[in-house]
Protein chains: 2
Amino acid sequence: MTTSDARAMLRLPAREIPVPTSVSEQARAILALGPLFATPQWPPLDDPEAWRALIAELDGTALRMAPGSGAHAEVEEIPVGRARVLAITPDGVEPGDRRVYLEIHGGAFIQGGGELCRTRGIDNAYRVGVHSWSVDYRMPPDHPFPAALDDCLAAYRALLERRDAGEIVVGGVSAGANLAAATVLRARDEGLPLPAGVVLATPAADLTESGDTWQTNLGLDNLLAPSPAPLLYAAGHDLRDPYLSPVFGDFTAGFPPAILLSGTRDVLLSDTVRLHRALRAADVPADLHVWEAASHGGFLGRAPEDDERTREIRRFLARCRPA
Amino acid sequence: MTTSDARAMLRLPAREIPVPTSVSEQARAILALGPLFATPQWPPLDDPEAWRALIAELDGTALRMAPGSGAHAEVEEIPVGRARVLAITPDGVEPGDRRVYLEIHGGAFIQGGGELCRTRGIDNAYRVGVHSWSVDYRMPPDHPFPAALDDCLAAYRALLERRDAGEIVVGGVSAGANLAAATVLRARDEGLPLPAGVVLATPAADLTESGDTWQTNLGLDNLLAPSPAPLLYAAGHDLRDPYLSPVFGDFTAGFPPAILLSGTRDVLLSDTVRLHRALRAADVPADLHVWEAASHGGFLGRAPEDDERTREIRRFLARCRPA
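Calculation criteria
Just so you know, the residues in each chain are numbered from 1, in the order the chain's sequence is written. Each chain is given a letter, starting from A, and each ligand a number, starting from 1, according to the order in which they appear as written. In view of the model being predicted, local features appear only for residues whose pLDDT reaches at least 70, and side-chain atom pairs are presented and counted only at 80 or more, with totals across whole chains, interfaces and linings using the full set of residues. Here a strand pair is declared whenever DSSP counts at least two bridges between the two strands. The helix and strand labels rest on DSSP assignments: H or I over at least four residues marks a helix, E over at least two residues marks a strand, and numbering proceeds from the N terminus. Lines fitted to C-alpha atoms define the axes, with helix axes restricted to the stretch in contact, and inter-axis angles between N-to-C directions lie between 0 and 180 degrees. To assign burial, the other C-beta atoms lying within 10 Å of each residue's own C-beta are counted, with C-beta atoms placed from the backbone; 20 or more indicates buried, 12 or fewer indicates exposed, and intermediate counts indicate partly exposed. For the handedness criterion, the strands are oriented away from the viewer, and a crossover whose path from the first strand over the helix to the second runs clockwise is classed as right-handed. The superposition of copies rests on a least-squares fit of C-alpha positions from residues with pLDDT of 70 or more in both. A pair of residues counts as a contact when their C-beta atoms, built from backbone coordinates, are within 7 Å of each other. The span expected for a helix works out to 1.5 Å for each residue beyond the first. Put simply, Ala, Val, Leu, Ile, Met, Phe, Trp, Tyr, Cys and Pro go in the nonpolar bin, Asp, Glu, Lys and Arg in the charged bin, and everything else, Gly too, in the polar bin. We call a crossing left-handed when the near helix sits turned anticlockwise from the far one by less than a right angle, and right-handed when that turn is clockwise. For the purposes of this analysis, a nonpolar core is taken to be any set of buried Ala, Val, Leu, Ile, Met, Phe, Trp, Tyr and Cys residues that are connected through C-beta atoms within 7 Å.

*Asks:* Looking at this structure, I do not really get the sheet that holds strand β7 (residues 168–173) of chain B. What am I missing?
*Replies:* Strands belonging to one sheet form pairs held by backbone hydrogen bonds; the direction of such a pair is parallel or antiparallel. Residues and elements named next belong to chain B. Strand order in the open sheet made by the eight strands is β3-β4-β6-β5-β7-β8-β9-β10, with mixed pairing throughout. Two strands lie at the open edges of the sheet, namely β3 (73–80) and β10 (286–291), each paired on one side alone. Strand-to-strand twist of the sheet, defined as the mean angle between neighbouring strand axes without regard to direction, takes the value 20 degrees. Here strand β8 (residues 197–201) pairs with strand β9 (residues 258–263) via four bridges, running parallel. Counterpart to L200 in the pairing with β9 is L260.

*Asks:* Can you walk me through the pairing of β9(B) in this structure?
*Replies:* The side chains of a regular strand alternate, residue by residue, between the two faces of the sheet. All names here are of chain B. In terms of residue burial, β9 counts as a mostly covered element, since six of its six residues are buried. Of the two faces of β9, the one lined by A258, L260 and S262 and the one lined by I259, L261 and G263 are each fully buried. Pairing of β9 with β10, which is carried by six bridges, proceeds in the parallel orientation. Its bridge partner lying in β10, I259 is registered against D287. Traced from β9 through helix α8 (residues 269–281) to β10, the parallel crossover comes out right-handed.

*Asks:* What's the story with the relation of the copies chain A and chain B in this structure? I'm lost.
*Replies:* Here the two chain copies are tied together by a rotation about an axis and a shift along that axis. With an RMSD of 0.0 Å, the fit of chain A onto chain B corresponds to turning through 180 degrees and sliding 0.0 Å along the axis. Expressed as an axis order, the relation between the two copies is that of a two-fold axis. In terms of C-alpha distance to the rotation axis, chain A has A:A14 as its closest residue, with the C-alpha 2.0 Å off the axis. Comparing contact sets, 100% of the residues at the interface of chain A also lie at the interface in chain B, consistent with an isologous, same-surface contact.

*Asks:* Is there a simple way to think about the sheet that holds strand β4 (residues 83–90) of chain A in this case?
*Replies:* All names here are of chain A. The eight strands lie next to each other as β3-β4-β6-β5-β7-β8-β9-β10, forming an open sheet whose pairing is mixed. In this open sheet, the two edge strands, each paired with only one partner strand, are β3 (73–80) and β10 (286–291). The sheet shows a mean angle of 20 degrees between the axes of neighbouring strands, direction not considered. Contacting β5 (100–104), β7 (168–173) and β8 (197–201), helix α5 (residues 175–189) runs over the sheet at an angle of about 145 degrees to β7. Running at roughly 155 degrees to strand β9 (residues 258–263), helix α8 (residues 269–281) makes contact with β8, β9 and β10 of the sheet.

*Asks:* Whenever I open this one, unusual backbone geometry confuses me. Can you help?
*Replies:* Glycine aside, the phi torsion of most residues is negative, and most peptide linkages are trans. Residue and element names in this part refer to chain A. For the bond from P140 to P141, the omega torsion is 5 degrees, close enough to zero to count as cis. Mapping P141 onto the fold places it in the loop between β6 (131–136) and α4 (147–160). Along the chain, F145 connects to P146 via a cis peptide bond; the corresponding omega equals 5 degrees. Topologically, P146 is positioned in the loop between β6 and α4.

*Asks:* I'm lost on the environment of A:R82 in this one. Help?
*Replies:* All names here are of chain A. Mapped onto the elements, R82 comes out in the loop between β3 and β4. Distance in space between the C-alpha atoms of R82 and A148 is 10.0 Å, their sequence separation being 66 residues. Once residues within four sequence positions are removed from consideration, R82 is found in contact with R138 and D151.

*Asks:* What's the story with α8(A) in this structure? I'm lost.
*Replies:* The periodicity of an α-helix, 3.6 residues per turn, causes residues three or four places apart in sequence to face the same way. With 13 residues, α8(A) should cover 18 Å at 1.5 Å per step; its first-to-last C-alpha distance of 18 Å lies within 8% of that length. Of all 13 residues in α8(A), twelve are buried; the element is thus mostly enclosed. Turning to α8(A), its buried residues are A:L269, A:S270, A:D271, A:T272, A:V273, A:R274, A:L275, A:H276, A:R277, A:A278, A:L279 and A:R280. For α8(A), the elements touching its buried residues are β8, α6 (213–216), β9 and β10 of chain A together with β10 and α9 (304–319) of chain B. After α8(A) finishes, the residue A:D283 shows a positive phi value of roughly 65 degrees.

*Asks:* Honestly, the interface of chain A and chain B in this entry has me stumped. Any pointers?
*Replies:* Interfaces are frequently sized by the accessible area removed from exposure as the parts join. Of the residues lining the interface, 43 residues belong to chain A; the matching set on chain B comes to 43 residues. Put simply, the parts of the chain that give the side of chain A that touches chain B at least two residues each are β1 (10–12), β2 (15–17), α6, α8 and β10 of chain A. Classifying every residue of the side of chain A that touches chain B gives 18 nonpolar, 14 polar and eleven charged. With three bridges joining them, β1(A) and strand β2 (residues 15–17) of chain B adopt antiparallel strand pairing. Opposite A:L10, over in β2(B), you have B:I17 as the bridge partner.

*Asks:* Please explain the environment of A:T252 as it appears in this structure.
*Replies:* All names here are of chain A. Along the chain, the position of T252 falls in the loop between α7 (229–234) and β9. Residue class for T252 comes out exposed when judged on the 11 C-beta atoms lying within 10 Å of it. For the pair T252 and A282, spaced 30 residues apart in the sequence, the C-alpha separation amounts to 4.8 Å.

*Asks:* Would you take a moment to explain the packing of helix α4 (residues 147–160) of chain B against helix α5 (residues 175–189) of chain B for this structure?
*Replies:* Angle between the axes and distance between the axes are the two parameters that describe a pair of packed helices. All names here are of chain B. The N-to-C vectors of α4 and α5 enclose an angle of 65 degrees; their axes lie 9 Å apart at closest approach. As for the relative orientation of α4 and α5, their crossing is right-handed in sense. Where α4 approaches α5, its residues A148, L149, C152, L153 and Y156 are matched on the opposing element by L179, A182, T183, R186 and A187. Here the residues of the contact of α4 with α5 are counted per class, giving eight nonpolar, one polar and one charged.

*Asks:* Can you walk me through the pairing of β6(A) in this structure?
*Replies:* All names here are of chain A. Across the six residues of β6, six count as buried, placing the element largely inside the fold. Here β6 shows two buried faces, one formed by H131, W133 and V135 and the other by S132, S134 and D136. Sheet topology note: the β4/β6 ladder contains five bridges and is antiparallel. Looking at the pairing, V85 lines up with V135 of β6. In this view, the connection linking β5 to its parallel neighbour β6 by way of helix α3 (residues 115–128) has right-handed handedness.

*Asks:* How should I be thinking about the nonpolar core in this particular structure?
*Replies:* One broad rule of soluble globular proteins: the nonpolar side chains tend to lie buried together. If you look at the biggest cluster of nonpolar residues, it comprises 190 residues, and the most contacted ones within it are A:L102, A:C152, A:L200, B:L102, B:C152 and B:L200. When near neighbours in sequence (up to four residues on either side) are disregarded, B:L200 contacts B:A177, B:A180, B:A181, B:A258, B:I259, B:L260 and B:L275.

Structure (structure tokens):
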């Protein structure tokens, strides 16, 4: 959290924010709902049993609310290190298209594994239209940092045995984008070839939460609010370690072209634009896209704005196609 | 303004927003000042005498606060239609560099003409490092829409007599970015060749002010708040006319590559990202850059973040260089 001179506090009065007319009808319907989730009762960091129960409950709710689109895909399970990868070939992939999207799921570093990893991985692969490897990485409370990063890197290494680096794009949403950026930084630091591109959707790039929109968009974002989950993941490691907070990374030593996506109501808008600036300061080609009035979760996949986001990712993947 | 079901109002409590630690020391010093200007007493729209007095006062204050950097440049005054252009050759332009930046000044459609147009035009030309034509266009209360647009288009036509379209970039800040986009739309509609690029810095792209950040960033932006000046400019014309609100334009019929720049605290962040999306929806190459905690005026040119913004514009102009 920030510390600051009390005199420098900007005092904002209570306000009523209308649903903007500047978004699609479907987006307005989502925004009219207000906050989408009640904040859970977070357990103490030292109560793993309570965390396991809460995570099971949250994952169960997520599966019931979004049981998957029913998109058809072939799924092969591949053991990778101490985790597994779901190798997904969705319907519609062109024969001969060797590109693979190494997809690292989101979920605040604690959710989204197992069955959710499968259903969301299939849906994501279908949307972006390429082969995907979805990493079902280990998570807290039983496996804190760097277990997830170890697993993602092991998946990247395994993929490099089957594909040229130029055929691989690494990406993720939220905590998945954190891990995607950290995986690429670590791959680079370990001398591995870099992938053709990186997709960073509303990245949790700074686990110290120093970004301004953690304050300014708090309550406007209908999905995300502060939680102790990143601290459970970090398990006492320095939060400014670039493998935990990629925004503090050194990108001058090399990083692939990137696409970054966020929304004006996203509490991670600051993380997104700061990571974009860090990449640009190192002369890394990096495209930024921000959607009007969109929160951390966009419009839950129910608005044309979400389709536009998918279209930008597809266009980025098309540019990453080997010549 | 937006209209909306009262039940859908999002109620935000009063808040204290700290100065973020995520920006440069210089930017923190600016943010610690809080609001930079008191809102003037706006005259009624039908009192031109009071507007003339207010505009003279505002321009005088602006000149005293920022009298120009003293950058050296040769300046030639060229009559163009019913206005004038300042043709500026700043020190440091490479011999043989034929590019010209057609710069349309900002100032809420009412300020920034005359001596301010000269000093700011010279400073801008020096920063971006190319020949510039700064348009000293006519403004309200005496010359409402479309006088300013007529003058900017006349300047573009006059420049086309001296340069190939591919040697020209059109750009501006705030109201100047509105006029830059409108000038290019109208040039296209009138069959003129398109410039090589367009610079749209925190554009006032939607004079209906339907953008969400007019609400969400109100009070966070330390410079800009709603004013009747755009209505004085529009003078009763339909605010949704793309020549008044370019975000409603049809870009599928052609538009040059663009760079758009804003900040997370900018009340025109929504206008910026919506215009970016409108361009992208029409497959126009368009780069978006958003600075952490920056308001409509950035950090008043006093922070490294402002230099980064200049650097992105320079890189964009370099890409617009004819082969």
